[in-house]
Amino acid sequence: MALQTDLPANRMQNFRPLADFPPTEWGFSFVSFSFPEMEFESYNRQVEELKNIVMGMLMASKKDAVENVEFINLLCRLGVSYHFETEIEDQVDYVHDALPSFLENNDHDLHTVALLFRVLRQYGCKVSSDVFKKFKDTNGEFKKTITSDVKGNLSLHEAAHLSVNGEQILDEALEFSRTNLESLATQSGPRLARHIKYALIRPIHKTVQRLEAREYISFYEEEDFRNETLLKFAKLDFNRVQLLHQQELSTLSSWWKDLNLVEELPYARDRIVEMYFWVNAMHFEPQYALARILSTKLGALITVIDDTYDAYSTNEELQHFTKAVIRCNIDAIDQLPTDSMKALYRALLSYFDDVANEVSKNGKSFTAVNYVKEEMKEMIRTYIVEAQWCNDRFVPPLNEYVRNGKISIGFMATTTVFFVVETARIKELEWLTSKAKISEAGCLFLRLMNDIVTHEFEQKREHCASAIECYMKEYGVSMNEAVKELQKTCADAWKDINEDCLKPTAISMNLLNVCVNNARATDVVYESNDAYTNASCLKGRISLLFVEKIPLQS
């Protein structure tokens, strides 16, 4: 994309499109956190002891394929499957290889077939959606005999969210199960009704894994046939990992406080904690701490840069800042017109140095940081294009808007940091940045979800047209109709994400899951409004994950 920095001066150069962003919900409250070494060591010791017992349970479950998959599903939902990644992958591959004959020789119910389908697909296995044909009648409709099967419909609903393009039977299954579950929720007891309603709002495949674990531990605790050892293991591990996350939040909050951007740029959103929530969703496991910290730092800086373009700076100031970022050299700082821009620019260059130092320290290619720099430069180019559209009051064709908006939304920048820290291999970085289906779909999904929920707030001030306006203008439809069509595009984007995760995959599943989990965070944060900007909407979830321990005694 060509760099456009000369914005027409058809408005006063000192015009500032100020936004009234809500204040921070957390301030620097995590700065004072003191890591409790003894408590952590106690958790560690108990987790390691129970881990060996749970490993024995996992191995024992191999005697029966259904029991094995059910146990794997339980480990996933309780948030502890990461302890047994290698063993689970081996077992899933074994079940997948045996699946055709296994299904042929056994008449399994809807719950079992749907569970097998979902868990195997979750691990990248190509299971045909034809396995659900047995539950259809001669008219090609799902049998009426399964409409009252709560467990079966819950499992079918969860399985349908792993569909790929062209799987009409799963589209039908999603609608069928949703309709049934909405009715069944009204006929069920309070506990089951709550579980059904939660599944309808937040299906397993599209929620933040740590939130799913927190919710499911509470649900599992009330099960009559719960495994007490497994429940205790999940609770202890959740609290253990929470301490590590609190430590990371303390480190990030101290960095953010020392930068002093909150004071120097009061017009921008202060969202370091909310950004950590988002990045934590991309991979919560302890071994990804450095990737989380560096991705969160960039995300926080991007938020401030975005607000600088959208909600504060004049056209002339933006031209200078854009040129400086493209140069990416400290010498360019003298060309910046304001002290606040100099502070922001200095913070960005310092961040690039930090990434380079951390990557080199871990024995990885120093040049990998250039991928992060290039993503940022590309994003800045799209920001200035949007500023020009805003300045001209220009509503671009939808395709042109989306092409630009998929970059400006920032999905690729934070994802690239994760890749740089976790692999730094040129092969994976080239794949990620060469318009892979999963990254393109993730960018599109984030762009459209953001536009759908932020549209009305942003249009109250001078702001670039969103996908909503572009669609309305191009197709001559109402805002509601535009939103419905864009929501369909979002659903299709999820199918592309699912498709790129089916084996054989271009890169490791752990790296692919960075993209998948980024989309999951998007789905949660933009569930019904812009909870990132309206941070009070995320406060309860953040508190559940990073503040409140799970009581060990029920």
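The numbers attached to residues start from 1 for each chain and follow its sequence in the written order. Owing to the predicted nature of the model, reporting of local features is limited to residues with pLDDT of at least 70; listing and counting of side-chain atom pairs is limited to 80 or more, with chain, interface and lining totals taken over all residues. Based on all heavy atoms of the structure, the side-chain values leave hydrogens and waters out of the count.

Draft legend 1. Structural detail: the overall build of the protein chain. Strands are runs of DSSP state E lasting at least 2 residues, helices are runs of H or I lasting at least 4, and numbering of each runs from the N terminus. A tally of helices and strands in the protein chain yields 23 helices and zero strands. Whereas a compact globule of 554 residues would reach a radius of gyration of roughly 24 Å, the protein chain reaches 24 Å, a difference of no more than 12%. A principal-axis box enclosing the C-alpha atoms of the protein chain has dimensions of 75 × 60 × 45 Å. The rule is simple: take the accessible area with a 1.4 Å probe, protein chains only, and divide by the maximum for that residue type; under 20% is buried, over 50% is exposed, in between is partly exposed. Classification of the 554 residues of the protein chain by burial places 57% in the buried group. Any two residues whose heavy atoms approach within 4.5 Å at even a single point are treated as in contact. Considering only contacts in the protein chain between residues 6 or more positions apart, those separated by 24 or more positions represent 77%. Under the counting rule used here, the positive set is Lys and Arg, the negative set is Asp and Glu, and His together with the chain ends is not counted. Where a charge lies is defined by one atom per residue type: Lys uses NZ, Arg uses CZ, Asp uses CG and Glu uses CD. Taken together, the 61 basic and 82 acidic charged side chains of the protein chain have centroids lying 1 Å from each other. Atoms considered for the radius of gyration are the C-alpha atoms alone. The globule rule reads 2.2 Å times the number of residues to the power 0.38.

Draft legend 2. Spatial organisation of the environment of Phe546. With respect to the secondary-structure elements, Phe546 resides in helix H23 (residues 536–546). For the pair Phe546 and Val273, spaced 273 residues apart in sequence, the C-alpha to C-alpha distance is 9.8 Å. Residues in contact with Phe546, not counting those within four places in the same chain, are Phe30, Gln242, His245, Gln246, Leu249, Tyr276, Phe277 and Asn280.

Draft legend 3. Layout of the nonpolar core. We call a set of buried Ala, Val, Leu, Ile, Met, Phe, Trp, Tyr and Cys residues a nonpolar core when their side-chain atoms join them within 4.5 Å. Judged by nonpolar contacts, the single largest core of 180 residues is most densely connected at Phe132 and Phe321. Residues contacting Phe132, with those up to four places away along its chain left out, are Leu110, Val113, Ala114, Phe117, Phe142, Leu156, Ala159, Ile169 and Leu170. Of all hydrophobic cores here, the second largest spans seven residues; its members include Val150, Leu154, Leu184 and Ala199.

Draft legend 4. Expanded view of unusual backbone geometry. Look at the link from Lys503 to Pro504: it is a cis peptide, with omega at 0°. With respect to the helices, strands and loops of the structure, Pro504 is situated in the loop between helix H21 (479–499) and helix H22 (509–525). Unlike most non-glycine residues, Arg393 shows phi in positive territory, near 55°. Looking at where Arg393 falls in the secondary structure, it is placed in the loop between helix H15 (369–392) and helix H16 (398–408). One non-glycine residue, Lys435, lies in positive phi territory at about 60°. Looking at the secondary structure, you find Lys435 in the loop between helix H18 (426–433) and helix H19 (437–458).

Draft legend 5. How the structure looks around the packing of helix H1 (residues 37–60) against helix H2 (residues 65–77). Where H1 contacts H2, the two axes come as close as 8 Å, and the packing angle between them is 145°. In this structure, H1 contributes Val54, Met57, Leu58 and Ala60 to the contact, and H2 contributes Glu67, Asn68, Phe71, Ile72 and Leu75. When residue character is reported, Ala, Val, Leu, Ile, Met, Phe, Trp, Tyr, Cys and Pro are called nonpolar, Asp, Glu, Lys and Arg charged, and the others, Gly included, polar. Of the residues in the contact of H1 with H2, the class split is seven nonpolar, one polar and one charged. What counts as an axis is a line fitted to C-alpha atoms, over the stretch in contact for a helix, and the angles between N-to-C directions run from 0 to 180 degrees.

Draft legend 6. Region of the structure containing the packing of aromatic side chains. Whether two aromatic rings pair depends on their centres lying within 6.5 Å, for rings of Phe, Tyr and Trp, where Trp uses its six-membered ring; planes under 30 degrees apart make the pair stacked, over 60 edge-to-face, and the rest tilted. In total, this model carries 23 aromatic pairs according to the counting rule given. Residues Tyr309 and Tyr383 carry aromatic rings whose centres are separated by 5.2 Å and whose planes lie at 50° to one another, so their mutual orientation is tilted. You can see Tyr309 sitting in helix H12 (residues 289–310) and its partner Tyr383 sitting in helix H15, a full 74 residues away along the chain. By way of ring pairs, the aromatic residues Tyr309, Phe321, Tyr345 and Tyr383 are connected into one cluster. In this structure, Lys136 is placed above the aromatic ring of Phe142, and the distance from its NZ or CZ to the ring centre is 5.3 Å. Above the plane of the ring of Phe238 lies Arg210, whose end atom (NZ or CZ) is 3.9 Å from the centre. Two limits define a charge over a ring: the Lys NZ or Arg CZ must be within 6 Å of the ring centre, and within 35 degrees of the ring normal.

Draft legend 7. View of the environment of Ile169. Among the structural elements, Ile169 can be located in helix H6 (residues 168–187). Distance from Ile169 to Lys136, taken between C-alpha atoms, is 9.7 Å for residues 33 residues apart in sequence.

Draft legend 8. Looking closely at the packing of H6 against helix H7 (residues 190–201). The N-to-C vectors of H6 and H7 enclose an angle of 150°; their axes lie 9 Å apart at closest approach. Between H6 and H7, the interaxial angle falls into the category roughly antiparallel. For H6 against H7, the interelement crossing comes out left-handed. Taking contact as the criterion, the partners of Arg178, Leu181, Glu182, Leu184 and Ala185 in H6 are, on H7, Ala193, Ile196, Lys197 and Leu200. Residue composition of the contact of H6 with H7, by class: six nonpolar, no polar and three charged. Convention used here: angles under 35 degrees read as roughly parallel, angles over 145 as roughly antiparallel, angles from 65 to 115 as roughly perpendicular, and any remaining angle as oblique. By definition, any crossing whose near helix is turned counterclockwise from its far helix by less than a right angle is left-handed, and any crossing with a clockwise turn is right-handed.

Draft legend 9. Layout of the side chain of Gln91. Inspection of the secondary structure puts Gln91 in helix H3 (residues 85–104). Every residue in contact with Gln91, bar those within four places of it in the chain, is listed here: Leu58, Met59, Lys62, Asn68 and Ile72.

Draft legend 10. Focus on H15. Take the residue count of a helix, subtract one, and multiply by 1.5 Å to get its expected span. Over its 24 residues, H15 extends 35 Å from the first C-alpha to the last, a length consistent with the 34 Å expected when each residue adds 1.5 Å. Taken across its 24 residues, H15 has 19 buried, putting it largely inside the fold. Of the residues trailing H15, Arg393 is marked for its positive phi of about 55°.

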